[in-house]
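# Notes for the structure review
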Amino acid sequence: MSDSLSLNAAGSSALDEETARAELYGLLAQLYYARPTPETLAALRVAVTEAPMEGGFLQEPWQQLVGAARAQDDAAIAAEFDRLFGGVGKPEVYLYGSHYLSGFLNEKPLVRLRTDLAALGLARTEAMPETEDHVAYLCEVMRYLVAGDDMAVCNLTAQRNFFATHLQPWILQLCDALQGQPTAHFYAALAHFTRAFVAVEAQGFDMLE
């Protein structure tokens, strides 16, 4: 999982759209993968609040996310992560695509995902305890497909196909689950931003048809 982050740059017009997209996928991967580090939250709290990509559609949800980070301290956000996604047994909210696509973990959607990842030359490292259908892993794959140097796989066609097959069919259900949790504050704001970002991505890929 990438630990690079430049949140102040995410709102800068100096970055081109592809760099901004990669930055945002990287940010989503970090925030969904584990408790946010103090460094990540500190960067988020001082981030500019103009839209992090061209177009005003993301501005309001981005402002909400930055505001939610500013409204709570690190410990409160870490506790919220644990409460929603951790604990023993069933979590309050699942972060795995197979749960939303099939109702169970480690089912056929995960098998198909692993096949598609292998075709891209990608595989989960042994250091990562989560399965590949974890939303953070999928966002990190999208970041690679946007920002990677191997043009044989890092291209718009690969991005569109991976997004349409492995993220778009279920990511809004995850957003619904998070925004429906009365104890979710920071992560409800993250879900709101995720929903808006996914809508922008879907619209962009539709224009490729």
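Above this note sits the structure.
Residues numbered from 1 in each chain as written. Predicted model: local features only at pLDDT ≥ 70, side-chain atom pairs only at ≥ 80, totals over all residues. Heavy atoms only, no water.

## Thoughts on the packing of aromatic side chains
In this structure the tally under the stated criterion is nine aromatic pairs. Judged by centre distance (5.0 Å) and plane angle (70 degrees), the ring pair of F81 and F85 falls under edge-to-face. Placement of both F81 and F85 in helix α5 (residues 74-85) is noted, with a separation of four residues, approximately one turn of the helix. Accessibility classification places F81 together with F85 in one group, the buried group. Judged by centre distance (5.3 Å) and plane angle (90 degrees), the rings of F85 and Y187 are edge-to-face. (Phe/Tyr/Trp six-rings, centres within 6.5 Å; stacked < 30°, edge-to-face > 60°. Helix = DSSP H or I, 4+ residues; strand = E, 2+ residues; numbered from the N terminus. Buried < 20%, exposed > 50% of the residue type's maximum accessible area, 1.4 Å probe, protein only.)

## What to know about the environment of L117
By the secondary structure assignment, L117 is in helix α7 (residues 108-119). For the pair formed by L117 and F162, sequence separation is 45 residues and the distance between their alpha carbons is 9.1 Å.

## A short note on helix α9 (residues 156-166)
In an α-helix there are 3.6 residues to a turn, and that puts residues three or four apart on one side. All buried positions along α9 are accounted for by A158, Q159, F162, F163 and H166. All buried residues of α9 fall inside an arc of 125 degrees around its axis, so they share one side. At its buried positions, α9 is contacted by α2 (17-33), α7, α8 (135-147) and α11 (186-206). The N-capping residue of α9, defined by a side-chain oxygen 3.2 Å from the backbone nitrogen of T157, is N155. (Arc of directions from axis to C-beta. Contact = heavy atoms within 4.5 Å. Polar contact = N/O pair within 3.5 Å; in protein donor to acceptor, adjacent residues only side chain to side chain.)

## Here we look at the nonpolar core
Generally speaking, a soluble globular protein has its nonpolar side chains buried in company with each other. Core analysis: the biggest nonpolar cluster contains 64 residues, and L174 and F186 have the highest contact counts within it. Here the element with the most residues in this core is α11; it accounts for 12 residues. Ignoring anything within four residues of it in the chain, the contact list for L174 reads Y32, V93, Y94, L95, Y100 and V135. (Core = buried A, V, L, I, M, F, W, Y, C linked by side-chain atoms within 4.5 Å.)

## Here we look at the pattern of salt bridges
Scanning the model with the defined rule gives eight salt bridges in all. For R21, the salt bridge is made with E201, and the minimal N-O distance between the two is 2.7 Å. Of this pair, R21 sits in helix α2 while E201 is found in helix α11, placing the two residues 180 residues apart along the sequence. Where R124 meets E132, a salt bridge forms, and the shortest distance between an N and an O atom there is 3.8 Å. The class for R124 is partly exposed, based on a relative accessible area of 30%. (Salt bridge = Lys/Arg side-chain N within 4 Å of Asp/Glu carboxyl O.)

## Overview of the side chain of E201
Among the residues examined, E201 registers a relative accessible area of 5% and is labelled buried. Among the polar contacts made by the side chain of E201, one reaches the side chain of R21 at a distance of 2.7 Å. Reaching out from E201, the side chain makes a polar contact with the side chain of Y25 at a distance of 2.7 Å. With near-sequence residues (within four places) excluded, E201 lies in contact with R21, Y25, M142 and F163.

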